[in-house]
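Architecture at a glance
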Amino acid sequence: MTHAGELISAYLDGELGRAEIDQLLDHLDGCGRCAAEMQDVQRVRSAVRSLPLLELPPGLIPEADAEVIPLHRNKGFLVGAAAAVVALVIAVAAIVTPSATPVSLEELNSRYAARASLDPAFGPAKVVVPYLSDFLE
Amino acid sequence: MTESVPLTWEEVARVYGRKIYNFAYRLTGNRDDAADLVQEVLLRVRKGLDSYQPGSFEGWLWRITRNAFLDDVRRRNRRPTAPLPEEVDRWDLASSPAADIEYSRISIGDDVQKALLELPFEFREAVVLCDIVGLSYEEIARAVAVPVGTVRSRIHRGRKLLRESLI
């Protein structure tokens, strides 16, 4: 080995196999230049790794602001679906009152589909849409 | 290679949003650009998640992130700019008892950030993916679409250049 070069970084990053590690350590024993380079590179590596990890700006990803992260997807999914059903019941109740502007089922469905395509937390169409049509009949 | 794959966009946003933000910030030195990049990447992930084939999720995600970053740089037709001082962090820290110690830590951080921005893009990218994002050389190779040997060389050369500008 002429000089250790990039083996030094790979060693510090845990990216070397046993044979390469032995080869590197043997070389470092007898080469002051590479031993010094190892120290320098180690210092730089630590400096970059200790840069503070910045927080996301609040509101950038609402999903990432949630304090409680559900451990199981299904739980979050059910809560989302339940919230969507409640929201729809309220919306439909408002629509079926005499003073409300008449809205066709098709339009409600398309509004629902538009919302569902924009908002992933909004419930699944296959659960809620039949519920909506039952209610209107 | 077996790894657990985040299945929903929300999970990707929660688990990786902050990492993507820090990747972009360390690459550009600009918080607004970093925030824009996070949103662009999550949009692309959302579009691509259905067609994603289980495999290296990290490689896939960081390839998307990198491409979005490069597209953005091309669109703006400018190189990443120098960072603003991290005023907000300083104000936050000024009220804490350890303010003096933290000031010096952040001031060193500013030097490191400045030195990172002076690196050629390929070296800066490799160093950030390794030391900030925490990817393995193999994952970086997949994300950047170069051989692992190239990743190894870029990281080492990047660190040596950083050393020169930090000393």
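Residues numbered from 1 in each chain as written. Chains lettered and ligands numbered in written order. Predicted model: local features only at pLDDT ≥ 70, side-chain atom pairs only at ≥ 80, totals over all residues.

The next point concerns the overall build of chain A. Helices and strands together make up the secondary structure of chain A, namely 7 helices and 0 strands. Put simply, chain A runs from its N terminus to its C terminus through helices and strands in the order α-α-α-α-α-α-α. Of all 137 residues assigned to chain A, the portion counted as buried reaches 13%. (Helix = DSSP H or I, 4+ residues; strand = E, 2+ residues; numbered from the N terminus. Buried ≥ 20, exposed ≤ 12 C-beta atoms within 10 Å, placed from the backbone.)

For chain B, the count of helices and strands is 8 helices and 0 strands. Starting at the N terminus and ending at the C terminus, chain B contains elements arranged as α-α-α-α-α-α-α-α. For chain B, with 167 residues in total, the buried portion stands at 35%. When contacts within chain B are restricted to residue pairs at least 6 apart in sequence, those whose partners lie at least 24 apart make up 65%. (Contact = placed C-beta atoms within 7 Å.)

Between helix 3 (residues 32–49) of chain A and helix 8 (residues 148–166) of chain B, whose axes approach to 9 Å, the crossing angle comes to 85 degrees. In terms of orientation, helix 3 of chain A lies roughly perpendicular with respect to helix 8 of chain B. Seen from helix 3 of chain A, the contacting residues are D40, V41, V44 and R45 of chain A; seen from helix 8 of chain B, they are R159, K160, L162, R163 and L166 of chain B. Partitioning the contact of helix 3 of chain A with helix 8 of chain B into residue classes produces 4 nonpolar, no polar and 5 charged. (Axes fitted to C-alpha atoms, helices over the stretch in contact; angles between N-to-C directions. Parallel < 35°, antiparallel > 145°, perpendicular 65-115°, else oblique. Nonpolar A, V, L, I, M, F, W, Y, C, P; charged D, E, K, R; others polar.)

Let us look at the packing of helix 3 of chain A against helix 6 (residues 121–132) of chain B. Running from N to C, helix 3 of chain A and helix 6 of chain B point in directions that differ by 70 degrees, and their axes come no closer than 9 Å. Judged by the angle between their axes, helix 3 of chain A and helix 6 of chain B are roughly perpendicular. Taking contact as the criterion, the partners of R45, V48 and R49 of chain A in helix 3 of chain A are, on helix 6 of chain B, V127, D131 and I132 of chain B. When its residues are assigned to classes, the contact of helix 3 of chain A with helix 6 of chain B shows 3 nonpolar, no polar and 3 charged.

A separate point is the interface of chain A and chain B. Listed per partner, the contact involves 27 residues of chain A and 32 residues of chain B. Taken together, the elements giving at least two residues each to the side of chain A that touches chain B come down to helix 1 (7–12), helix 3 and helix 4 (62–65) of chain A. It is helix 3 of chain A that contributes the most residues to the side of chain A that touches chain B, 7 residues altogether. The class makeup of the residues in the side of chain A that touches chain B is 17 nonpolar, 2 polar and 8 charged.

What follows covers the confidence of the model for chain B. All names here are of chain B. Summarising the model, chain B shows a mean pLDDT of 80, and 77% of its residues fall at 70 or more. Confidence over residues 84–106 falls short of pLDDT 50; this stretch has 10 contacts with residues more than four positions distant or in other chains. With pTM at 0.65, the complex prediction returns an ipTM value of 0.77. (pLDDT = per-residue confidence, 0-100.)

Turning next to helix 1 (residues 9–28) of chain B. Residues and elements named next belong to chain B. With 20 residues, helix 1 extends only 25 Å from end C-alpha to end C-alpha; this falls clearly short of the ideal 28 Å at 1.5 Å per step. Its axis deflected by about 55 degrees at Y16, helix 1 carries its strongest bend there. In terms of burial, helix 1 is largely enclosed, as 15 of its 20 residues are buried. At the C-terminal side of helix 1, G29 shows a positive phi close to 75 degrees. (Expected span 1.5 Å × (residues − 1). Bend = angle between axes of the 7 residues up to and from the residue.)

To continue, consider unusual backbone geometry. Residues and elements named next belong to chain B. Positive phi values are uncommon outside glycine, yet A145 reaches one of about 60 degrees. Relative to the assigned elements, A145 resides in the loop between helix 7 (137–144) and helix 8. Under the C-beta neighbour-count criterion, A145 is labelled exposed, with 11 such atoms within 10 Å.

Our next topic: helix 2 (residues 18–30) of chain A. Along its 13 residues, helix 2 of chain A runs 19 Å from first to last C-alpha, staying within 8% of the 18 Å computed at 1.5 Å per residue. Along helix 2 of chain A, only 1 of the 13 residues are buried, which leaves the element largely exposed.

Next up on the list: the nonpolar core. Membership of the largest hydrophobic core comes to 50 residues, with the highest contact counts inside it found for A24, V38, V127, L129 and I140 of chain B. When contributions to this core are tallied by element, the ones reaching two or more residues are helix 1 and helix 3 of chain A together with helix 1, helix 2 (31–48), helix 3 (57–76), helix 6, helix 7 and helix 8 of chain B. Beyond its immediate stretch of four places on either side in the chain, A24 of chain B contacts D33, A34, L37, V38 and F69 of chain B. (Core = buried A, V, L, I, M, F, W, Y, C linked by C-beta atoms within 7 Å.)

Take the confidence of the model for chain A next. Residues and elements named next belong to chain A. Per-residue pLDDT for chain A averages 71, and the proportion of residues at 70 or more is 45%. Per-residue pLDDT stays below 50 along residues 67–76; that stretch engages in 5 contacts with residues further than four places along the chain or on separate chains. Counting interchain partners and residues more than four positions distant, the pLDDT-below-50 stretch residues 123–137 has 23 contacts.

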